[in-house]
Amino acid sequence: VPVIVSLKIRIPSKVKANASVLAVSEVLFRRRKEVSYLNTIALGNETADGVSVTWFLERELYNVTGYPRNKTLKVHSRIWNTLDGNYTNTSSVFLFVIPGVNHVCVLARNLFSQQKKCVAVDVVVPVTGLQLEAIFFKGTMLSVSSSSLSVPISKYVQIKYAISSGSKPQILVSLGNRTFHKASNISGPAALSSSCLAVFPVFKSCGKKTIVVKAGNDFSLKILRHFLVVHPFTEVLEFEKPEGHCIFTRVNTSVTLEATVGKDAPFGCHMSFEWNFNDSSSIVITNGELY
């Protein structure tokens, strides 16, 4: 008469959402000293010389806050095996649609013994839709629609990135020799919604900077590259006015105008000046000299 002594389940611990996965169970049993005709005992369609293998899927349900609420128990399939030898294998295919933690369970039993085994399976949503969401400086959102993004030097800025979906995304933001690492514990149905993470860098030199952003999890990796132009923070722009508070000149007479920005002299940033005289003449752009 077979007596079940152990039960094992083979299935990956992490699977991709909306993917079918094969689960295999192995039932190990031993036959005790035979008693005449004991293996012919039957109950309905079950006999002492067989084993019933039932698959269950225990899934965590989530409420609107994203926290686990309770579990539901669902019978997935049932198989009856006539035993031959000391073990038997059964398999079942699961389609995991809802992200989050699921428990795949197997109940093996016969008329004299039973074993139940469960394993946790984390259903993961791949990361999609990585993009630069916004840049903030002093509470003001800077434009991210232009091809040339500008941020001030030596000032904290907030750079925010967003993804369309993804379970527990890991985001790496590389700014030259500095790397920012951000992690999120988004899981369950919330992983199907967009989410964002922010970094707060301070740039210490002027010029064009290449930013590389990587966002991924166990089943995906998205890479985004974009450029930022770091410029001097021009809080104070002054005209050189040698004669009081006004600049006087005669019509049709050449005159030299000077403007000074001294705020970021220690950083040695090259600046350009855009001159608009608000008449019919063209806008003039000149390069500044460092002092």
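None of the values given here were measured: they were computed from a predicted structure.

S.K.: Outline the sheet that holds strand 15 (residues 170-175), supporting the account with residue identities and numerical values.
M.R.: By definition, the strands of a sheet pair up through backbone hydrogen bonds, in either a parallel or an antiparallel sense. The strand order across the open sheet built from five strands is 13-19-18-15-16, with neighbouring strands paired in mixed fashion. Two strands in the sheet have a free side with no partner beyond their single neighbour: strand 13 (149-152) and strand 16 (178-183). Averaged over all adjacent pairs, the angle separating strand axes in this sheet is 30°, with direction ignored. In terms of strand pairing, strand 13 meets strand 19 (residues 220-231) through four bridges, oriented parallel. Residue Leu-149 lies in a different strand from strand 19, and its bridge partner there is Leu-228.

S.K.: Explain the pairing of strand 22 (residues 272-275) residue by residue, including any values.
M.R.: A one-sided burial pattern is seen for strand 22, the buried positions being Phe-273 and Trp-275 and the unburied ones Ser-272 and Glu-274. Alignment of strand 22 against strand 23 (residues 284-287), held across four bridges, turns out to be antiparallel. In the strand pairing of strand 23, Phe-273 is matched with Thr-286.

S.K.: So what's going on with the sheet that holds strand 14 (residues 158-163)? Residues and values would help.
M.R.: Across the sheet, which stays open at both edges, the four strands sit in the order 12-11-14-17 with antiparallel pairing between neighbours. For this open sheet the edge positions go to strand 12 (140-142) and strand 17 (195-199), each flanked by a neighbour on one side alone. Taking the axes of each pair of neighbouring strands and ignoring which way they run, one obtains an average angle of 30° across the sheet. In this sheet, strand 17 lies alongside strand 14 in antiparallel orientation, the contact comprising five bridges. Among the inter-strand pairings, Ile-163 is bridged to a residue of strand 17, identified as Ser-195.

S.K.: Give me the lowdown on the state of the cysteines, citing residues and values where you can.
M.R.: Enumeration over the complete set of coordinates arrives at one disulfide. Covalently, Cys-105 is tied to Cys-118 through a disulfide, its sulfur atoms 2.1 Å apart. Here the S-S torsion is close to 115°, and the disulfide linking Cys-105 with Cys-118 is therefore right-handed. With a gap of 13 residues between them, Cys-105 in strand 9 (residues 100-109) and Cys-118 in strand 10 (residues 114-124) connect regions that are remote in the sequence. Under the relative-accessibility criterion, Cys-105 is labelled buried at 0%. With relative accessibility at 34%, the residue Cys-118 sits in the partly exposed group.

S.K.: Kindly report on the packing of aromatic side chains, identifying the contributing residues and their values.
M.R.: For any two aromatic rings, the description comes down to two numbers: the centre-to-centre distance and the angle of the planes. In total, this model carries two aromatic pairs according to the counting rule given. Each ring, one from Trp-55 and one from Phe-94, has its centre 5.8 Å from the other, and the planes form 65°; the classification is edge-to-face. With Trp-55 in strand 6 (residues 50-62) and Phe-94 in strand 8 (residues 87-96), this residue pair connects regions lying 39 residues apart in the sequence. An angle of 20° between the planes, with centres 6.0 Å apart, marks the rings of Phe-94 and Phe-96 as stacked. Comparing Phe-94 with Phe-96, the two get one shared label, buried. Taken together, the aromatic side chains of Trp-55, Phe-94 and Phe-96 make up a single cluster linked through ring pairs. One Lys or Arg, Lys-116, reaches over the ring of Phe-56 and ends 5.7 Å from the middle of that ring. Between the NZ or CZ atom of Arg-178 and the centre of the ring of Phe-203, over which it lies, the distance is 5.9 Å.

S.K.: Give a description of the pattern of salt bridges that names residues and reports values.
M.R.: One pass over the full model with this rule turns up one salt bridge. Between Asp-218 and Lys-14 there is a salt bridge, and its shortest N-O distance comes to 2.8 Å. With Asp-218 in the loop between strand 18 (207-217) and strand 19 and Lys-14 in strand 2 (residues 14-16), this pair connects stretches of sequence that are 204 residues apart. Overall, the relative accessible area of 52% leaves Asp-218 in the exposed class.

S.K.: Explain the pairing of strand 10 to me, using residue names and the numbers behind them.
M.R.: Bridge count for strand 2 against strand 10 is three bridges, and the pairing is parallel. Each bridged residue has a counterpart across the sheet, and for Lys-14 the counterpart in strand 10 is Asp-122. Strand direction decides the pairing type here: strand 9 and strand 10, joined by 10 bridges, are antiparallel. What sits directly across from Leu-107, in strand 10, is Lys-116. The hairpin formed by strand 9 and strand 10 contains four residues between the paired strands.

S.K.: Tell me about unusual backbone geometry, and name the residues and values.
M.R.: A positive phi is found at Lys-138, a non-glycine position, where the angle reads about 55°. With respect to the helices, strands and loops of the structure, Lys-138 is situated in the loop between strand 11 (131-137) and strand 12. One non-glycine residue, Ser-154, lies in positive phi territory at about 60°. Relative to the helices and strands, Ser-154 is located in the loop between strand 13 and strand 14. Here Ser-154 falls in the partly exposed class, since its relative accessible area comes to 24%.

How each quantity is defined
Residues numbered from 1 in each chain as written. Predicted model: local features only at pLDDT ≥ 70, side-chain atom pairs only at ≥ 80, totals over all residues. Heavy atoms only, no water. Pairing = 2+ DSSP bridges. Helix = DSSP H or I, 4+ residues; strand = E, 2+ residues; numbered from the N terminus. Axes fitted to C-alpha atoms, helices over the stretch in contact; angles between N-to-C directions. Buried < 20%, exposed > 50% of the residue type's maximum accessible area, 1.4 Å probe, protein only. Disulfide = S-S within 2.5 Å. Phe/Tyr/Trp six-rings, centres within 6.5 Å; stacked < 30°, edge-to-face > 60°. Lys NZ or Arg CZ within 6 Å of the ring centre and 35° of its normal. Salt bridge = Lys/Arg side-chain N within 4 Å of Asp/Glu carboxyl O.

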